[in-house]
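Observations on the model geometry
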There are 2 protein chains.
Amino acid sequence: MGSIYLYNNRFLSAEEVAISPEDRGYYYGDGIYEVFRVYNGRLFEPGLHFDRLERTAAGLRLNLPMDRSALLEKLEELVLRNRLNEGTLYIQFTRGAAPRSLPFPKEAEPSLMAYTTEVARPVAAMEAGIRAKTVEDIRWLHCDYKTLNLLPNVLAKQEAVEAGTDDAILHRGGTVTECSASNIMIVRDGVILTHPADNLILHGVTRAVVLRLAHAAELAVLERPFTLEELLGADEAFITGTTVEVTPVVSVDGQAIGSGAAGPVTRRLQRDFAAAIGL
Amino acid sequence: MGSIYLYNNRFLSAEEVAISPEDRGYYYGDGIYEVFRVYNGRLFEPGLHFDRLERTAAGLRLNLPMDRSALLEKLEELVLRNRLNEGTLYIQFTRGAAPRSLPFPKEAEPSLMAYTTEVARPVAAMEAGIRAKTVEDIRWLHCDYKTLNLLPNVLAKQEAVEAGTDDAILHRGGTVTECSASNIMIVRDGVILTHPADNLILHGVTRAVVLRLAHAAELAVLERPFTLEELLGADEAFITGTTVEVTPVVSVDGQAIGSGAAGPVTRRLQRDFAAAIGL
């Protein structure tokens with residue numbers, strides 16, 4: 001059962017959505033996106049997603065064709081039309097359709113595409129944890145923009161999967177940045193460490209929520225880069241993201257992290273996160 | 001008058017080409033491309049373009065759906081159907097349509113899209129030269145792959161255009177790499193310098209042709225990185241590319257290069273290039 005799509009201002013079946021071969025999203029990846037979590041039929045933390053969407057749009061000078069409240073209304077209608085209770089809502093804006101030429105086109109209207117997917121919470125992975133592989137981070141220097149240029153993420157994830165692991169942990173010359181589609185935090189001597197929200201990582205909504213929960217729980221947090229060595233010697237490691245929520249990393253490159261199972265800080269944050277989403 | 005498109009195995013009008021919203025080219029930029037030059041109704045240096053297409057495909061593990069000779073036949077038919085005498089042929093392959101998920105999809109078939117554009121040789125720019133602006137190169141570390149992840153190129157070109165110049169010269173911390181869609185060479189003390197064909201630049205077909213011509217003309221060539229300072233102090237500078245051919249760069253960041261007009265090495269290579277394309 002396919003999703004009903006929102007394509008520009010119309011609600012369409014997947015088969016009815018026809019992207020122009022001149023869409024700049026198609027030939028340049030010239031566009032931006034967000035993935036919202038839907039719990040109990042409601043968008044989770046829409047404000048944080050809209051903040052990031054607008055920040056990326058400003059960075060790329062892509063003019064969003066509608067304001068936040070008009071967009072929110074459309075997205076809530078999309079969730080309703082799809083009778084989505086638990087899942088994700090994907091939305092992307094491209095710079096529109098125009099003859100292929102690098103500079104911003106003068107005439108093109110940005111193009112909006114959105115749809116929903118039923119996705120259950122990752123209960124098994126949150127319980128058992130995942131195995132990860134370290135992969136060199138070769139991305140561009142604006143990883144804070146959530147854009148459609150995702151080839152390096154595709155290649156890193158594929159490399160991790162082919163190695164029999166669940167995800168890639170990216171590092172630049174030994175400094176851990178994030179994963180292929182989530183942020184990573186470690187716990188050492190009771191302190192939560194995570195890469196600062198600069199240009200080298202995507203500023204995750206779940207990352208922000210988890211840091212807020214950690215502060216509320218009076219857990220020590222340091223936003224500073226950490227090395228592969230610190231990761232491998234950590235007491236705990238976990239990833240945060242819209243679909244993975246708070247998922248323990250129990251091994252990296254075949255080596256157990258901490259006890260090789262989710263640690264107490266991870267468990268605490270998982271409980272607090274479940275409470276935050278009203279479960 | 002729009003081009004007839006080649007879309008997978010069919011020849012279609014632009015209006016008939018409907019890209020799936022689940023095409024990985026659309027949401028990840030997960031695809032590769034080439035731009036061929038057409039002179040006198042014939043593809044220029046098709047072998048070099050196919051070499052690069054196959055190299056990029058291998059790097060991204062994208063299985064091309066047809067071999068070189070079958071593809072060449074299709075492209076020649078596309079040129080004929082469009083009655084194209086002078087212009088470009090654009091072709092891209094994406095990893096195909098599949099539900100959005102980072103790893104390579106198991107079922108998807110790569111998707112091919114190609115069309116032609118009438119483009120005259122850039123006679124005025126080749127004569128008068130272009131002005132350029134230096135822009136920090138923030139791209140990923142596989143610039144040798146010719147992929148659809150072109151947002152940094154879009155942003156660099158836009159920055160150059162808004163500064164009232166014609167193109168961006170990219171540099172990594174002061175080391176010149178290339179331009180937004182072409183390679184760059186400078187001449188110092190009679191020696192042609194250009195960045196080596198490593199992972200930091202696109203290995204231009206015109207770059208290769210021009211180096212071949214330089215060797216044939218017994219001009220001294222050094223493939224080594226050069227700095228912004230060496231560029232600004234150069235006797236000559238020129239860019240090479242499929243649509244720009246050999247175009248002089250007469251000023252950078254408002255400062256004249258050499259005499260502020262095309263120099264003798266540039267002129268020589270322009271003449272030899274014109275001869276190479278049979279003009």
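Residues numbered from 1 in each chain as written. Chains lettered and ligands numbered in written order. Predicted model: local features only at pLDDT ≥ 70, side-chain atom pairs only at ≥ 80, totals over all residues. Heavy atoms only, no water.

Re the interface of chain A and chain B
On the side of chain B, 52 residues touch chain A, which itself brings 52 residues to the contact. On the chain A side of the contact with chain B, A:Tyr26, A:Leu102 and A:Leu151 bury the most area, a combined 19% of that side's loss. Counting across the interface, chain A meets chain B through two salt bridges. Residue B:Arg61 is joined to A:Glu162 by a salt bridge in which the shortest nitrogen-to-oxygen separation is 2.6 Å. Where chain A packs against chain B, one counts 17 residue pairs in polar contact (both at pLDDT 80 or more). Broken down by secondary-structure element, the contributors of at least two residues to the side of chain A that touches chain B are α1 (24-28), β3 (31-39), β5 (87-94), β6 (111-118) and α5 (151-162) of chain A. Top element by residues in the side of chain A that touches chain B is α5(A). It accounts for nine residues. Tallied by class, the residues present in the side of chain A that touches chain B amount to 29 nonpolar, 13 polar and 10 charged. (Contact = heavy atoms within 4.5 Å. Buried area = accessible area lost by both parts, 1.4 Å probe. Salt bridge = Lys/Arg side-chain N within 4 Å of Asp/Glu carboxyl O. Polar contact = N/O pair within 3.5 Å; in protein donor to acceptor, adjacent residues only side chain to side chain. Helix = DSSP H or I, 4+ residues; strand = E, 2+ residues; numbered from the N terminus. Nonpolar A, V, L, I, M, F, W, Y, C, P; charged D, E, K, R; others polar.)

Section: the relation of the copies chain A and chain B
Rotating chain A by 180° and translating it 0.0 Å along the rotation axis places it on chain B, where the RMSD comes to 0.0 Å. Taken together, the turn and the small shift mark the pair as related by a two-fold rotation axis. When the interface residues of chain A are mapped onto chain B, 100% of them again fall at the interface, so both copies present the same face. (Least-squares fit on C-alpha atoms with pLDDT ≥ 70 in both.)

Some remarks on the sheet that holds strand β3 (residues 31-39) of chain B
Either a parallel or an antiparallel arrangement is found when strands of a sheet pair, and the pairing is made through backbone hydrogen bonds. Residue and element names in this part refer to chain B. Spatially, the six strands line up as an open sheet ordered β2-β1-β6-β5-β3-β4, and their pairing is antiparallel. Lying at the two open borders of the sheet, with one neighbouring strand each, are β2 (10-13) and β4 (42-43). One ladder, built from eight bridges, connects β3 with strand β5 (residues 87-94); its direction is antiparallel. Among the inter-strand pairings, Ile-32 is bridged to a residue of β5, identified as Phe-93. (Pairing = 2+ DSSP bridges.)

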